[in-house]
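Overview (structure and organization)
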Amino acid sequence: MNSSLSLLHPYPFEKLNQLFKDVVPADLPLIPLSIGEPKHPAPDFVKQAIIDNFEHLSTYPNSKGLPELRQSIADWLTRRFKLNTISAENNILPVSGTREAIFSFVQALVKREDTPYVVMPNPFYQIYEGATLLAGAKPYFINCTQENNYLGDFDHVPSEVWEKTALLFVCTPGNPTGAVLSKDQFKKLIALSDQYDFVIASDECYSELWFDEAPVGLLEVCAEIGRNDYKNCVVFHSLSKRSNLPGMRSGFVAGDANLLKPYLKYRTYHGAAMPVQHQLASIVAWNDENHVEENRKLYRAKFELFQNELGHLLPLQKPDAGFYYWLKVDHDENFAKMLMEKAHIKVLPGRYLSRETPQGNPGENHVRLALVAEIAQCEQAIERLERVL
């Protein structure tokens, strides 16, 4: 087997299962707030589009995706991020969920013989690190702490690291912190990319779950500064969170055509093309905003409920966007075990989403609460938390 497999950490939910191995939970129905799996209903018109196109179960999908899907994505990007121009032919690739795309993009990009750095936030989405290690690169972690508004301090990355960097991952809104990068911060990163010639990969899968103001995106900043070729910039978007369709595995990568052309060649061999019926259903999802606004309303209501009912018992800090609370506690593992034992509520210790660095582990003594459950179940969770706390 590939020796790099030994470098991979157990996935966070494997660690969570180990933590709870000897825990006897309260005799109550489980309320899972640990995993970011949307539980709001999938749009009926998307489900109908899949049903209407079942005949394509007998059709091999093309790795590049349907032209109609790429055009619908181009139109959505242009509307949402005020782009000057984007080519459905050259700047967009549909993918089978951004998880596989983030992983495979790193494999296609990294020159293994260089052993470069892949710079990433800490805490982070675990695929960034796993993809880096299996591509033969080295992760470099930027701690996201309360002191830097959970955005990371890029100014303190040594120049010798930037000089050996192939790829910078940013996640905005952040998983798990919910922090959002500003236009000025994106401009600073683009300037660093030009200075040191690395690629910026912006994971924007939570971009449509916002409260007051839509988060800015990397391509939007490129358009504002006239970088219409999106040089060294790519973004990842998904229907999982936006449209409550995590099981459809539908997303896209968009940006620099000079990166996407060889990446398409990789994908042709990788064999991860999205089924045709899912592509056709994705078109109707990207073309509709009404269901997305209804989805936002549900999350706004749940955050308001938690703030009002538990704000006096927990240091709840509403995120900039997304559906996670990144909650400070005395000890993350002990807090998670206590909630399982006394309330049968499952949350994720922050240390499972981060790594030790010389500056410490920024995930320790935090827990991630995913407000994904229906509002009735959230109300049950609040009742139990009030009783326990």
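Residues numbered from 1 in each chain as written. Predicted model: local features only at pLDDT ≥ 70, side-chain atom pairs only at ≥ 80, totals over all residues. Heavy atoms only, no water.

It is worth spelling out the UniProt feature "domain: Aminotransferase class I/classII large" (unreviewed entry) in the chain at this point. Following the UniProt record, one finds the feature "domain: Aminotransferase class I/classII large" (unreviewed entry) at residues 30–385. The annotated region residues 30–385 carries 40% helix and 15% strand content, and the separation between its end C-alpha atoms amounts to 13 Å. (UniProt positions renumbered as here; feature names shortened; annotations may be inferred. Helix = DSSP H or I, 4+ residues; strand = E, 2+ residues; numbered from the N terminus.)

Counted under the stated rule, the structure contains one cavity of 30 Å³ or more. Around the largest cavity, the lining is made up of 20 residues, and of these Pro121, Cys144, Tyr150, Leu151 and Cys171 lie nearest the centre. At the level of elements, strand S3 (117–122) and strand S5 (165–171) are the ones that each hand at least two residues to the lining of the largest cavity. Among the residues forming the lining of the largest cavity, the class breakdown is 15 nonpolar, five polar and no charged. (1 Å grid on protein atoms, 1.4 Å probe; cavity = no way out; pocket = protein on both sides within 12 Å on 5 of 7 lines; lining within 4 Å. Points joined across faces, edges and corners; volume = space filled by probe spheres on them. Nonpolar A, V, L, I, M, F, W, Y, C, P; charged D, E, K, R; others polar.)

On to helix H2 (residues 44–52). Taken residue by residue, H2 has Val46, Ala49 and Ile50 as its buried positions. Taken around the axis of H2, the buried residues stretch over an arc of 100°, which confines them to a single face. (Buried < 20%, exposed > 50% of the residue type's maximum accessible area, 1.4 Å probe, protein only. Arc of directions from axis to C-beta.)

Our focus in this paragraph is the packing of helix H13 (residues 332–343) against helix H14 (residues 375–388). Across the interface, H13 lies against H14 with an axial gap of 10 Å and an inter-helix angle of 105°. Looking at the two axes, H13 sits roughly perpendicular to H14. Residues Met338, Leu339, Lys342 and Ala343 of H13 form the contact with H14, whose own contacting residues are Arg384, Leu385, Arg387 and Val388. (Axes fitted to C-alpha atoms, helices over the stretch in contact; angles between N-to-C directions. Parallel < 35°, antiparallel > 145°, perpendicular 65-115°, else oblique. Contact = heavy atoms within 4.5 Å.)

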